[in-house]
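Results of the structural survey
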Amino acid sequence: MKKLQLLAVGSLLALCLAGCSEKDEIDRKVDELLSKMTLREKIGQMHQVSGAGTHAEEAAAKGEVGSILNCVDPAEINAVQRAAVEQSRLGIPVIVGRDVIHGFRTIFPIPLGLAATFDPELVEQGARVAAIEATASGVHWTFSPMLDIARDSRWGRVAEGSGEDPYLDTQMGVAMVRGYQGDDFADPTSMAACIKHFVGYGAAEGGRDYNSTMISERSLRNTYFPAFKACVDAGALTLMTSFNEIDGIPSTGNDFLLKDVLRQEWGFDGMVVTDWNSSGEMVAHGFAKDLKHATELSVNAGVDMDMMSFGYISYIEELVKEGKIKEETIDNAVRNILKLKFRLGLFDNPYVDVDASARVDYAPEHLAAAKQSAVESAILLQNDNDVLPLDKARTILVTGPMADAPYDQLGTWAFDGQSEHTVTPLQALRECYEVIYEPGLAYSRDRDTKDFAKVRAAAQRADAAVVFVGEEAILSGEAHSLSSLNLQGAQSELIAEVRKSGKPVVVVVIAGRPLTIERDLANCDAMLYAFHPGTMGGEALADLIKGKAVPSGKSPMTFLRDAGQAPFYYNHNNTGRPCNGTETLLEDIPMKAGQTSLGCTSYYLDSGYGPLFPFGYGLSYTTFEYGNITLEKTALGKDDTIVVEFDLSNTGKRDGVEVVQLYTRDLVGSVVRPVKELRRFERVALAAGETKHIRMELPVAELAFWNRDMQYVVEPGDFQLWVAGDSASGEAYPFSVE
Ligand code: BGC
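Reference entry: report on the structure contained in this document. (Residues numbered from 1 in each chain as written. Predicted model: local features only at pLDDT ≥ 70, side-chain atom pairs only at ≥ 80, totals over all residues. Heavy atoms only, no water.)

**Some points on the site of the ligand**
As a reminder of what qualifies: Neighbouring residues are identified by heavy atoms, a residue being near a molecule or strand if any of them is within 4 Å of it. Counting of polar contacts relies on pairs of N or O atoms within 3.5 Å, with two restrictions inside protein: one atom must be capable of donating a hydrogen and the other of accepting it, and residues adjacent in sequence are counted only when both atoms are side-chain atoms. Surface accessibility follows the Shrake-Rupley procedure with a 1.4 Å probe radius. Residue values consider only the protein chains on display as shielding. Basically, the charged four are Asp, Glu, Lys and Arg, the nonpolar ten are Ala, Val, Leu, Ile, Met, Phe, Trp, Tyr, Cys and Pro, and anything else, Gly included, counts as polar.
Around the ligand, a shell composed of 13 residues is seen, among which Asp99, Arg157, Lys196, His197 and Asp275 lie nearest. Arg157 places a side-chain nitrogen or oxygen 2.7 Å from an oxygen atom of the ligand. Residue Asp275 places a side-chain N or O atom 2.6 Å away from an oxygen atom belonging to the ligand. Starting from 310 Å² of accessible surface for the ligand in isolation, the protein chains cover 94%. Taken together, the residues that form the shell around the ligand break down as 7 nonpolar, 1 polar and 5 charged.

Here is the structure:
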């Protein structure tokens, strides 16, 4: 045994030495190269431009550009690279960036959909597929994952992240970083990840994109930082700053975030890039008086590379001469950039094989992973009388603007996905049923109801109707905020029209965010919420509708009754007047009611207190029961591990997968603590009638938080624990920590 242990320690040491010496070797090469560079060449490395072509080639030949983005043509990329490597004085390759957000050619569900899978392994696999395809086209660096906590579905960019919960966000972010970067950075299929947007971008006031935020340091640390910190620990190679300001300080000029926290506390040794013109935008914020001043502020805050402000290339030289930026600061930035290029093996392997993409794009295993992701991302929100799956129906009506929308089902940020490869639900359902197709509406915002009569007539001839509604791709993503979250156009009217047929009605929502669909639920028997499901969405949805696959997705964001409830999230703090269920609603208020008659708790008179569906919610075609829940110990020390065991039974007639969720609550803290926090989750597959004994562990140390003294500690006291299928179910089990 001892011998084995010694061997293990020995090989660990060898590994570490190999890792260390590789690191030293890169540092040595970086320093050597840096010592040969002129100030102008250094500044060139800090400058990123969009597109290839003559202009980029000329800049590369002069050593005046370090990176390009938005070019995925291998021949054009090679041309810029040739200029950089063969014509510039020092032959430093450019790094090619691209927004590969949920797949490159094979498009996976939007990240919010991926989060709904609660399946980090599958998400890692998807990111690997994206890296294989993107690197084959010459992309070295993706601007993903987006780790912005999003608690307000009016913000269009909720589509691009993992939703409202820091733990889920962390698991998904780390999985993506691993998938993109692979095991070996220098492998030609490894692509650098860029964790973004640092930080707080999702907290934009009113859900209006780019808007101001007011986030305390404690909430940054407790809520917004954890996913970034975990991805830094997982080796994320780059980080992007955010557009927003926090308490008056734009992130791109925030040295507390970029130096004190990121570099000093977390030891990040990667590269920091601005968001698109976010350095220049500090002028519009009124934080910098002009582009030169903005440049001074961002460089001195620790931002290494400028994406599209053109401030670095224009003003750094002057600013150094004037003594406003130290040359040492420039050297540090350039070190980070060169290190990234050495780590990725770009000096040894700068060119892309122009035929490589033809070999890997849309490979069968890529399509299979995309399909599985789309299956797992769909959330079953309602299934009255077990209408789904439609395994007995022969003829179905397929209607709605999203049934055959190959471009729109790819969702936002799907630049390189080609819609001719998309399988739409209509195409896939035609393989399983006699389909009568009457779209009813041409696109999601269409208000023209002239074809409704045809839809109604067609419904009469079908055994059941499936209505595909939602959002076109353009309605979510960057700069696509909405103040109403109802279905656009006449889509709700279409559902109501189909309902009149008296046939079973299944609604499938294909959208970029959780919409307010309460009125639509009332007009259908079943609803599947698919988000934008990507290239293979059609096959995935047809399998779910037919019953070849069983829904297992769970909501990564709270579904609201009304947009006016936003922001709304399960892990909120309690008020001094929490709702107690006896509140009076609008319609019950008597005329001339006395001022204090309404209960005086925290709720809305019109939409009440609760959401439409809580975080973590999702049904299946079967049912699950949690039994015999026991905690191994209920009095624990700070170094202990909480162990909870229980029996999970599939009590229905179909095989299925349950996403088991473990939540805790810290009852009393030196600062108010959230009413619940997700701590663990696990996908458990159970055959019909099967029971499995589940054991989950949670080190007490993970209950730590940033407390009143701004220390990261576990405060002793009483806690509660839940294991359940969503954030609003289950019974609380008490335990204490000494
Ligand atoms: C977005 C980033 C993106 C960048 C480059 C910006 O507008 O905010 O998320 O990575 O553009 O395309």
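**What about the pattern of salt bridges?**
Under the convention used in this document: One speaks of a salt bridge when a side-chain nitrogen belonging to Lys or Arg is within 4 Å of a carboxyl oxygen belonging to Asp or Glu. Numbering of helices and strands runs from the N terminus, with a helix taken as a DSSP run of H or I at least four residues long and a strand as a DSSP run of E at least two residues long. Note on exposure labels: buried denotes an accessible area under 20% of the residue type's maximum, exposed denotes more than 50%, and partly exposed covers the range between, all computed with a 1.4 Å probe on protein chains only.
Considering all chains together, one arrives at 50 salt bridges under this definition. In this structure, Arg89 and Glu41 form a salt bridge, with 2.8 Å as the shortest nitrogen-oxygen distance. Taken together, the positions of Arg89 in the loop between α4 (74–87) and β3 (95–98) and Glu41 in helix α2 (residues 39–45) put the pair 48 residues apart, joining distant regions of the chain. Given the relative accessible area of 55%, Arg89 is considered exposed. Between Arg561 and Glu518 there is a salt bridge, with the nearest N and O atoms lying 2.6 Å from each other.

**Brief notes about the nonpolar core**
This is how the line gets drawn: We call a set of buried residues a nonpolar core when its members are Ala, Val, Leu, Ile, Met, Phe, Trp, Tyr or Cys and they connect through side-chain atoms within 4.5 Å of each other.
By size, the foremost hydrophobic cluster in this structure holds 146 residues, and its most contacted members are Phe198, Leu390, Ile396, Phe468, Val508 and Ile545. The greatest single-element share of this core, amounting to 8 residues, is contributed by helix α7 (residues 166–181). Judged by nonpolar contacts, the second largest core, of 49 residues, contains Ala459, Ala490, Leu521 and Phe531.

**Points about empty space enclosed by the protein**
Vacant regions in the atomic arrangement are exposed by a probe of water-molecule size rolled over the atoms. Stated formally: A cavity, in this analysis, means grid points on a 1 Å lattice covering only the protein atoms where a 1.4 Å probe fits yet has no way out; a pocket is instead an open set bounded by protein on both sides within 12 Å along at least five of seven lines, and a residue lines either one if it has an atom within 4 Å of a point. Grid points are joined across faces, edges and corners, and a volume is the space filled by probe spheres set on the points.
A complete count under the given rule lists 2 cavities of 30 Å³ or more for this structure. In this structure, the largest cavity encloses a volume near 70 Å³. Ile101, His102, Gly103, Phe108, Leu114, Val123, Gly126, Ala127, Ala130, Met176 and Tyr180 are the residues that line the largest cavity. For the lining of the largest cavity, the secondary-structure elements that each account for two or more residues are α6 (120–136) and α7. Broken down by element, the residue count for the lining of the largest cavity peaks at 4 residues, all from α6. Residues of the lining of the largest cavity, tallied by class, amount to 8 nonpolar, 3 polar and no charged. Of the volumes computed, that of the second largest cavity is approximately 30 Å³. If you go around the second largest cavity, the residues you meet are Ile101, Pro111, Phe143, Ser144, Pro145, Met146, Glu160, Met176 and Lys196. In terms of residue class, the lining of the second largest cavity is built from 6 nonpolar, 1 polar and 2 charged.

**Describing unusual backbone geometry**
Backbone phi values are negative for most residues with the exception of glycine, while trans is the configuration of most peptide bonds. The amide bond that connects Ser144 to the next residue, Pro145, takes the cis arrangement and shows omega of 10 degrees. You can see Pro145 is positioned in the loop between β4 (141–142) and α7. Here Leu388 and Pro389 are connected by a cis peptide whose omega angle stands at -5 degrees. Tracing the chain through its elements places Pro389 in the loop between β11 (379–383) and β12 (395–399). Even without glycine at this site, Tyr210 takes up a positive phi of about 70 degrees. Residue placement: Tyr210 occurs in the loop between β5 (194–198) and α8 (217–224). Despite not being glycine, Phe531 shows a phi value in the positive range, around 50 degrees. Examined against the element boundaries, Phe531 turns out to sit in the loop between β16 (526–529) and α21 (537–546).

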